[in-house]
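Here is what each chain is made of, one letter per residue.
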Amino acid sequence: MDKKYVCQPCGWVYDPELGDPDNGIPPGTKFEDLPEDWVCPVCGAPKSEFSPEN
């Protein structure tokens, strides 16, 4: 199972099993495979603001 990643500013969790379909990211997309310009759908933080969920 792929790791979930947490947005540090707002706490939203990216779950690879769910993806981010509202923003064109299909289910099954690993965090590492997200486009570099992808941002948190809740607060707009960049990928660099995410960290692996413990």
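Look above for the structure.
These lines cover the structure that appears in this document, whether it is placed above or below. (Residues numbered from 1 in each chain as written. Predicted model: local features only at pLDDT ≥ 70, side-chain atom pairs only at ≥ 80, totals over all residues. Heavy atoms only, no water.)

**Quick word on the nonpolar core**
In terms of nonpolar packing, the biggest core is built from 10 residues, these being Tyr 5, Cys 7, Tyr 14, Ile 25, Phe 31, Leu 34, Trp 38, Cys 40, Ala 45 and Phe 50. Excluding its chain neighbours within four sequence positions, the residues that come into contact with Phe 31 are Tyr 5, Tyr 14, Trp 38, Lys 47 and Phe 50. (Core = buried A, V, L, I, M, F, W, Y, C linked by side-chain atoms within 4.5 Å. Buried < 20%, exposed > 50% of the residue type's maximum accessible area, 1.4 Å probe, protein only. Contact = heavy atoms within 4.5 Å.)

**Digging into the environment of Gly 28**
Within the secondary structure, Gly 28 is located in the loop between strand E2 (13-14) and strand E3 (50-52). For Gly 28, a relative accessible area of 53% corresponds to the exposed category. Distance in space between the C-alpha atoms of Gly 28 and Pro 16 is 5.2 Å, their sequence separation being 12 residues. Residues in contact with Gly 28, not counting those within four places in the same chain, are Pro 16 and Glu 17. (Helix = DSSP H or I, 4+ residues; strand = E, 2+ residues; numbered from the N terminus.)

**Structural notes on a negative patch on the surface**
Side chains of Asp 2, Glu 17, Glu 32 and Asp 33 sit close together on the surface and give a patch of like negative charge. Turning to its location among the elements, Asp 33 is positioned in the loop between E2 and E3. When its relative accessible area of 54% is taken as the criterion, Asp 33 is described as exposed. (Patch = residues over 30% accessible without salt bridge, like charges linked within 9 Å, V, L, I, M, F, W, Y side chains within 5 Å. Areas by Shrake-Rupley, 256 points an atom, 1.4 Å probe, with all protein chains shown as cover. Salt bridge = Lys/Arg side-chain N within 4 Å of Asp/Glu carboxyl O. Lys, Arg positive; Asp, Glu negative; His and termini not counted. Charge placed at Lys NZ, Arg CZ, Asp CG, Glu CD.)

**A closer look at the sheet that holds E3**
The 3 strands lie next to each other as E2-E1-E3, forming an open sheet whose pairing is antiparallel. Looking at strand neighbours, the two that pair on one side only are E2 and E3, the edges of this open sheet. Judged from the 2 bridges that link them, strand E1 (residues 5-7) and E2 form a sheet pairing that is antiparallel. Considered in E2, the bridge of Val 6 is made with Val 13. (Pairing = 2+ DSSP bridges.)

**A look at the packing of aromatic side chains**
In the structure shown here, the tally under the stated rule is 9 aromatic pairs. Between Trp 12 and Trp 38, the ring centres sit 6.1 Å apart and the planes meet at 40°, which makes this aromatic pair tilted. Separated by 26 residues along the polypeptide, Trp 12 in the loop between E1 and E2 and Trp 38 in the loop between E2 and E3 bring together distant segments of the chain. On the accessibility criterion, Trp 12 (23% relative accessible area) is partly exposed. For the pair Phe 31 and Phe 50, a centre-to-centre distance of 5.6 Å together with 40° between the ring planes defines the contact as tilted. With Phe 31 in the loop between E2 and E3 and Phe 50 in strand E3, this pair connects stretches of sequence that are 19 residues apart. Members of the aromatic cluster, connected to one another through ring pairs, are Tyr 5, Trp 12, Tyr 14, Phe 31, Trp 38 and Phe 50. The ring of Phe 31 carries the charged tip of Lys 47 above its face, separated from the ring centre by 5.3 Å. (Phe/Tyr/Trp six-rings, centres within 6.5 Å; stacked < 30°, edge-to-face > 60°. Lys NZ or Arg CZ within 6 Å of the ring centre and 35° of its normal.)

Structural measurements only, silent on function.
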